Amino acid sequence: MREPGEAVMVVRLRRGVVGETRRVCHLVPAPAPGTPPRELAALCGEGIVPGQAELLSGFTGMPCEACLAVSARNLPPGLIRAS
């Protein structure tokens, strides 16, 4: 679970790593500077090995609904949830 205000990245598994239907945009907490982790953990719990995913500048294609749900539950105070 990420902390409010923590930076997140939008990543998607590369073509050939998984089938097209699993190439959704995941939200991943940005790792701390220094040695890269062996595995990134998306907000939904999906494990992503560095090198198997591409970093995106925003959502391109289908977002991971579970990542969005977790992210919405952790909105910082002052933001209004869409209804």
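Residues numbered from 1 in each chain as written. Predicted model: local features only at pLDDT ≥ 70, side-chain atom pairs only at ≥ 80, totals over all residues. Heavy atoms only, no water.

**Student:** Kindly report on the overall build of the chain, identifying the contributing residues and their values.
**Tutor:** Helices and strands together make up the secondary structure of the chain, namely one helix and five strands. When its helices and strands are written in sequence order, the chain yields β-β-β-β-β-α. Buried residues in the chain amount to 29% of all 83 residues. Of the contacts formed within the chain by residues at least 6 apart in sequence, a portion of 47% connects residues at least 24 apart. Element-wise, carbon and sulfur atoms account for 56% of the exposed surface of the chain, whose accessible area totals about 5,600 Å². (Helix = DSSP H or I, 4+ residues; strand = E, 2+ residues; numbered from the N terminus. Buried < 20%, exposed > 50% of the residue type's maximum accessible area, 1.4 Å probe, protein only. Contact = heavy atoms within 4.5 Å. Areas by Shrake-Rupley, 256 points an atom, 1.4 Å probe, with all protein chains shown as cover.)

**Student:** Account for the sheet that holds strand 2 (residues 26–29), naming residues and giving values.
**Tutor:** Two orientations exist for strands paired in a sheet by backbone hydrogen bonds: parallel and antiparallel. Taken in spatial order, the three strands of this open sheet run 2-1-5, and their pairing is antiparallel. In the strand order of this sheet, the two ends are held by strand 2 and strand 5 (53–56), each with one partner. Here the strands of the sheet are splayed against their neighbours by 45° on average, with no regard to which way each runs. Pairing geometry for strand 1 (residues 8–13) and strand 2, over four bridges, is antiparallel. In the sheet register, V11 faces strand 2, and the bridge partner there is H26. (Pairing = 2+ DSSP bridges. Axes fitted to C-alpha atoms, helices over the stretch in contact; angles between N-to-C directions.)

**Student:** Explain the nonpolar core residue by residue, including any values.
**Tutor:** Note on soluble globular proteins: their nonpolar side chains tend to be buried together. Counting 17 residues, the largest nonpolar core has V28, I48 and C67 as the members making the most contacts within it. With three residues, strand 1 is the single largest residue contributor to this core. Discounting chain neighbours no more than four positions away, the residues touching C67 are H26, L27, A42, L43 and C44. (Core = buried A, V, L, I, M, F, W, Y, C linked by side-chain atoms within 4.5 Å.)

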